[in-house]
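Observations on chain architecture
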Amino acid sequence: MTIHFAPMQGYVDGAYRRLHAEIYGGVDCYYTPFIRMEKGEPRRQDIQRLKDSIGDGTPLVPQIIFGNLAEFVSLSNAVKSLGFKRIDLNLGCPYPMQTSKGRGSAMIVDLDTMRQVCQLIQQDTEASYSVKMRSGWHDAEEWRQLLPILNDTPLAHLTIHPRIAKQMYSGELLMNSFAELYDSAANPIIYNGEIHTIADIQRIQSTYPNIVGVMIGRGLLARPSLAAEYSSGHEWSQNERLSKLLTFHDKLFEHYQSTLCGPTQILQHIKPFWDYQEPTIGHRIFKAIKKASTLPRYTEAIATIRRP
């Protein structure tokens, strides 16, 4: 199966993607955090980040989030103008800041807009499209009305996160709903949700043999080697994972030090690297990293990880 690195806002930027691919490999496709509209145009900082990622050597798919047909057209045209041939549509974001504007998981129930969007997708000769969605916005049955529209549309794939929006990223996975969608979908299916180990990937693969891939977010932040381990068929030891994790951190830290302005910006960018690493480095070091307010204190906290 193919391994897809989910768009993780605030964690996975261009430097993270490039270095992850260089140090680990194993990921078949990376996705950008969603690109959205702001003041009637594609948000400039999103487009600039996308421009900065061109030619960095990673297999990258831009993701867009939209609340109506006009936003879809504007965003997709902006992405295609940069030369990208694949676009991912975000129908999964659960946050009210976006759903209140009809975006993200709210688009699952906006069938009129999705019919119009899918008509344009079918006519588009410049790019192919994929969709990332939840089981529903308010309930786990809402996918049923949207799926026939998607089934009539040739998609690169359909990524399913089996939760509804109010669950955010926790709570029970709605696997009965997922299984029904999996059986009913005409497009290739990618599974997304609570993938943390090689065994998790293998379980999904054996349970749903026609799935073409898995999309992993928090699981890869916590264990950046996971895709490489799965691809090689070899589970790394704790020491191997920690050694490579420190190499990854050091190169990313060096990049931020050479490109960002001042210690505050550097710390704001590098400290989230450790958000999912407490089980790996221990509570004491994790807490010291989080409390570090200066670069010397931060580097001292990191140095303690290397000490026997």
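A few points on the structure. (Residues numbered from 1 in each chain as written. Predicted model: local features only at pLDDT ≥ 70, side-chain atom pairs only at ≥ 80, totals over all residues. Heavy atoms only, no water.)

All right, on to the packing of helix 14 (residues 283-291) against helix 15 (residues 295-306) then. It is the contact of helix 14 with helix 15, at a shortest axis distance of 8 Å, that shows an interaxial angle of 165 degrees. Between helix 14 and helix 15, the interaxial angle falls into the category roughly antiparallel. Between helix 14 and helix 15 lies a crossing of left-handed hand. Along the contact surface, helix 14 presents I285, A288 and I289, while helix 15 presents Y298, A301, I302, T304 and I305. For the contact of helix 14 with helix 15, the class distribution of residues is 7 nonpolar, 1 polar and no charged. (Axes fitted to C-alpha atoms, helices over the stretch in contact; angles between N-to-C directions. Helix = DSSP H or I, 4+ residues; strand = E, 2+ residues; numbered from the N terminus. Parallel < 35°, antiparallel > 145°, perpendicular 65-115°, else oblique. Left-handed = near helix turned anticlockwise from the far one by under 90°. Contact = heavy atoms within 4.5 Å. Nonpolar A, V, L, I, M, F, W, Y, C, P; charged D, E, K, R; others polar.)

Our next topic: the packing of helix 3 (residues 69-81) against helix 5 (residues 111-123). Relative orientation of the contacting elements helix 3 and helix 5 amounts to 30 degrees, with a least axis distance of 9 Å. Relative to helix 5, the element helix 3 is oriented roughly parallel. For the element pair helix 3 and helix 5, the recorded crossing hand is right-handed. Residues L69, F72 and V73 of helix 3 form the contact with helix 5, whose participating residues are T113, Q116, V117, L120 and I121. When its residues are assigned to classes, the contact of helix 3 with helix 5 shows 6 nonpolar, 2 polar and no charged.

The next point concerns the pairing of strand 7 (residues 86-91). Looking along a regular strand, one sees side chains alternate from face to face of the sheet. With 5 of 6 residues buried, strand 7 is to be regarded as a mostly interior element. Relative to strand 7, strand 6 (residues 63-64) runs parallel, the two being bridged by 2 bridges. Across the sheet, the residue bridging to I64 is L89, located in strand 7. Alignment of strand 7 against strand 8 (residues 128-136), held across 6 bridges, turns out to be parallel. Residue pairing in the sheet places L91 in a bridge with M133 of strand 8. (Buried < 20%, exposed > 50% of the residue type's maximum accessible area, 1.4 Å probe, protein only. Pairing = 2+ DSSP bridges.)

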